[in-house]
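# Chain and residue survey
Given next are the chains, with one letter for each unit.
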Amino acid sequence: MPYIAIDTNIFEHLLNPAENPCSDIDTLLVHLMRLEYKLLVDSTKKIGNEYQQKIVPIIKNMDETKPKLPILRFWMDNNIRHQVVLDQLDNLMQQIKSVIYELNEHADRAFVYVVCAADALLVTNDRDHILGRRKDLLRRTKKNRGRNTDIQSSLDAFANIGGNA
């Protein structure tokens, strides 16, 4: 079963035409659904809590007729989640913290951690803390992750995974 981590901002951008002008995020998320990807989350619940705080209220307040609602409901379903044990003190987390050093970026560090631990892909549009530091994150975590670990923007992931959907 394939695994993927999807940053909270991808779900937020799904609903923002300025961030999703060609509906590439819709296409990517639906394609990943069809391929039966499991959503990676961390055992410390940083990712799940961020989804709960930012995405679940959007779903609750969304008009039932909106076509993007089933996509969000699917990805927020706990049954498609795969939990990765996150150790705050291990070498992998220390390497991530050396790159994402801001104190309040717990979820960002957790997203990077789970993809490294699961040798998977992180889809994010966070240019400040993750994409802008992608090379350094991949270099620093090299000894603590698999060869397939990658971090891509939604546009890159769409081109690499979902563009043929």
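Up top you'll find the structure we're talking about.
Below is a short write-up of the structure. Keep in mind that what you see is a predicted model, and the values were worked out from it rather than measured. (Residues numbered from 1 in each chain as written. Predicted model: local features only at pLDDT ≥ 70, side-chain atom pairs only at ≥ 80, totals over all residues. Heavy atoms only, no water.)

### Quick notes on the overall build of the protein chain
For the record, the criterion: Strands here mean DSSP runs of E at least two residues long; helices mean DSSP runs of H or I at least four residues long; both are numbered from the N terminus. Radius of gyration here is computed from C-alpha atoms only, and the compact-globule reference equals 2.2 Å multiplied by the residue count raised to the power 0.38. Contact criterion: two residues are considered in contact whenever any of their non-hydrogen atoms come within 4.5 Å of each other. Per-residue and other accessible areas were derived by the Shrake-Rupley procedure at a 1.4 Å probe size, with only the shown protein chains allowed to occlude residues. Counted as positive: Lys and Arg. Counted as negative: Asp and Glu. His and the chain ends are not counted at all. Charged side chains are reduced to one point each, which is NZ for Lys, CZ for Arg, CG for Asp and CD for Glu.
Looking only at helices and strands, one finds nine helices and five strands in the protein chain. In terms of overall size, the protein chain behaves like a compact globule, its C-alpha atoms giving a radius of gyration of 15 Å where 165 residues would be expected to give roughly 15 Å. Taking the principal axes of the C-alpha coordinates as reference, the protein chain spans close to 45 × 30 × 30 Å. Long-range pairs, those at least 24 residues apart, make up 73% of the contacts in the protein chain with a sequence separation of at least 6. Surface summary for the protein chain: the accessible area is close to 8,600 Å², and the carbon and sulfur share equals 48%. If you average the places of the 22 positive and of the 22 negative side-chain charges in the protein chain, the two averages end up 4 Å apart.

### Let's talk about the sheet that holds strand S5 (residues 150-152)
Spelled out, the test is: If DSSP finds at least two bridges between two strands, the strands pair. To get an axis, a line is fitted to the C-alpha atoms, and for a helix only the part in contact is used. The angle between two axes follows their N-to-C directions and goes from 0 to 180 degrees.
One open sheet holds the five strands; their spatial order is S3-S2-S1-S4-S5, and the pairing between them is parallel. Lying at the two open borders of the sheet, with one neighbouring strand each, are strand S3 (81-84) and S5. Direction aside, the axes of adjacent strands within the sheet are offset by 35 degrees on average. Lying on the sheet, helix H3 (residues 46-54) is in contact with strand S1 (3-6), strand S2 (38-42) and S3; it crosses S2 at an angle near 110 degrees.

### A short note on the nonpolar core
For clarity, the cut-off: For the purposes of this section, nonpolar cores are sets of buried Ala, Val, Leu, Ile, Met, Phe, Trp, Tyr and Cys residues that join through side-chain atoms within 4.5 Å. Only protein chains enter the area calculation, which uses a 1.4 Å probe; residues under 20% of their type maximum are buried, those over 50% are exposed, and those in between are partly exposed.
Core analysis: the biggest nonpolar cluster contains 49 residues, and Ile6, Phe11, Leu29, Tyr51 and Trp75 have the highest contact counts within it. With eight residues, helix H7 (residues 106-118) is the largest single contributor of residues to this core. With near-sequence residues (within four places) excluded, tryptophan 75 lies in contact with Ile4, Ile6, Phe11, Leu29, Leu32, Met33, Tyr37, Leu39, Ile80 and Arg81.

### A short note on the pairing of S1
Where a strand is regular, its side chains alternate between the two sheet faces. The pairing of S1 with S2 spans two bridges and is classified as parallel. Residue isoleucine 4 lies in a different strand from S2, and its bridge partner there is leucine 39. Here S1 pairs with strand S4 (residues 121-123) via three bridges, running parallel. Paired with isoleucine 4 across the strands is leucine 121, a residue of S4.

### A word on the pattern of salt bridges
Condition: Only one rule defines a salt bridge in this text: a Lys or Arg side-chain nitrogen within 4 Å of an Asp or Glu carboxyl oxygen.
Per the counting criterion, the structure on display carries six salt bridges. A salt bridge links lysine 68 to aspartate 26, with the shortest nitrogen-to-oxygen separation between them at 2.6 Å. Of the two residues, lysine 68 sits in the loop between helix H4 (56-61) and helix H5 (69-75) while aspartate 26 sits in helix H2 (residues 24-34), which places them 42 residues apart along the sequence. When the shortest N-O distance is used, the salt bridge between arginine 134 and aspartate 150 registers 2.5 Å.

### Describing the packing of aromatic side chains
Spelled out, the test is: For Phe, Tyr and Trp, where Trp contributes only its six-membered ring, two rings pair if their centres lie within 6.5 Å, and the inter-plane angle classes them as stacked under 30 degrees, edge-to-face over 60, or tilted in between.
The full count for this structure, using the stated rule, is three aromatic pairs. Plain terms: the ring middles of tyrosine 51 and phenylalanine 111 are 6.3 Å apart, the flat faces sit at 55 degrees to each other, and that makes the pair tilted. Here phenylalanine 111 lies in helix H7 and tyrosine 51 lies in helix H3, a separation of 60 residues in the sequence. Residue classification places tyrosine 51 among the buried positions, given a relative accessible area of 0%. The interplanar angle of 85 degrees and the centroid separation of 5.1 Å between the aromatic rings of phenylalanine 74 and tryptophan 75 together place this pair among those described as edge-to-face. Phenylalanine 74 gets classed as partly exposed once you look at its relative accessible area, which sits at 25%. Given a relative accessible area of 0%, tryptophan 75 falls into the buried group.

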